[in-house]
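# Per-entry structural report
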Number of protein chains: 2
Amino acid sequence: MIDKTVRMNYLFDFYQELLTGKQNQYMALYYLDDWSLGEIADYFSVSRQAVYDNIRRTEAMLEQYEEKLHLFERFEKKQSLLKDLRQMIENDRNPAELIRVIEALEKLE
Amino acid sequence: MIDKTVRMNYLFDFYQELLTGKQNQYMALYYLDDWSLGEIADYFSVSRQAVYDNIRRTEAMLEQYEEKLHLFERFEKKQSLLKDLRQMIENDRNPAELIRVIEALEKLE
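Residues numbered from 1 in each chain as written. Chains lettered and ligands numbered in written order. Predicted model: local features only at pLDDT ≥ 70, side-chain atom pairs only at ≥ 80, totals over all residues. Heavy atoms only, no water.

## Thoughts on the pattern of salt bridges
Residue and element names in this part refer to chain B. As enumerated under the stated definition, the model contains 13 salt bridges over all chains in all. Here Glu-63 and Arg-7 are joined by a salt bridge, their closest N and O atoms 2.9 Å apart. Of the two residues, Glu-63 sits in helix H4 (residues 48-69) while Arg-7 sits in helix H1 (residues 4-15), which places them 56 residues apart along the sequence. Overall, Glu-63 belongs to the partly exposed group, its relative accessible area being 25%. One salt bridge connects Arg-93 with Glu-97, and the closest N-O pair in it is separated by 3.0 Å. (Salt bridge = Lys/Arg side-chain N within 4 Å of Asp/Glu carboxyl O. Helix = DSSP H or I, 4+ residues; strand = E, 2+ residues; numbered from the N terminus. Buried < 20%, exposed > 50% of the residue type's maximum accessible area, 1.4 Å probe, protein only.)

## Examining the domain arrangement of chain A
According to the domain assignment, chain A consists of domain 1 (4-69) and domain 2 (73-107). On a C-alpha basis, the centres of domain 1 of chain A and domain 2 of chain A stand 34 Å from each other. (Domains from an automatic or database assignment.)

## Looking at a negative patch on the surface
Residues and elements named next belong to chain A. On the surface, Asp-33, Asp-34, Glu-39 and Asp-42 cluster together into a negatively charged patch. For Glu-39, the position within the fold is in helix H3 (residues 37-44). A residue is classified by how much of its surface remains accessible, and Glu-39, at 43% relative accessible area, is partly exposed. (Patch = residues over 30% accessible without salt bridge, like charges linked within 9 Å, V, L, I, M, F, W, Y side chains within 5 Å. Areas by Shrake-Rupley, 256 points an atom, 1.4 Å probe, with all protein chains shown as cover. Lys, Arg positive; Asp, Glu negative; His and termini not counted. Charge placed at Lys NZ, Arg CZ, Asp CG, Glu CD.)

## Digging into the packing of helix H1 (residues 4-15) of chain A against helix H4 (residues 48-69) of chain A
Residue and element names in this part refer to chain A. Orientation of H1 relative to H4, taken along the N-to-C sense of each, is 70°, at an axis distance of 10 Å. Looking at the two axes, H1 sits roughly perpendicular to H4. By crossing handedness, the relation of H1 to H4 is classed as left-handed. Contacts between H1 and H4 involve Lys-4, Arg-7, Met-8, Leu-11, Phe-12 and Tyr-15 from the former and Arg-56, Glu-59, Leu-62, Glu-63, Tyr-65, Glu-66 and Leu-69 from the latter. Across the contact of H1 with H4, the residue classes tally to 7 nonpolar, no polar and 6 charged. (Axes fitted to C-alpha atoms, helices over the stretch in contact; angles between N-to-C directions. Parallel < 35°, antiparallel > 145°, perpendicular 65-115°, else oblique. Left-handed = near helix turned anticlockwise from the far one by under 90°. Contact = heavy atoms within 4.5 Å. Nonpolar A, V, L, I, M, F, W, Y, C, P; charged D, E, K, R; others polar.)

Here's what the structure looks like:
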């Protein structure tokens with residue numbers, strides 16, 4: 001299991017277009033720019049609790065989108081298959097084996 | 001430009017998890033099972049206009065999701081690159097060329 005911050009960075013990357021402007025701002029400052037909850041609260045003149053609640057709700061939304069669309073899960077599978085393919089080419093494996101990996105990639109949406 | 005029905009079938013496939021139960025039912029009957037608006041209206045005891053409006057709104061939602069997430073667009077790019085790769089392997093092209101296509105695939109999210 002990967003670290004929660006790394007996972008949230010990925011989920012935010014995949015689904016940020018589905019978030020509202022405010023959710024986007026808080027998440028970008030917290031996860032990408034590494035601001036503290038207190039710094040975000042001061043900057044927007046809101047309570048630290050309000051920022052905390054907003055970010056927790058957004059994290060839950062991102063997990064719900066991932067449960068429905070599986071973009072991060074598929075991305076990891078795709079990268080793993082491409083890595084296999086790359087190694088097989090470097091090791092000069094036969095075409096039939098390469099084609100089997102390509103077929104697996106075609107089946108991933 | 002592909003036919004609208006084909007496009008809607010793809011968009012529905014990619015984003016159906018984001019639709020409500022009713023939207024899903026109408027779209028599946030109309031696009032996958034090829035029912036007419038009148039048949040759907042009779043089955044659910046609602047007006048033909050209500051079914052029409054619901055389906056048109058759902059189509060607009062699917063296009064909005066595609067504008068934001070580009071899943072269908074990326075799927076087409078991925079399939080096209082995999083097709084190239086398959087042909088290059090069948091034509092015994094050199095590893096460096098294959099690796100370049102794999103790099104393009106890795107950059108697609």
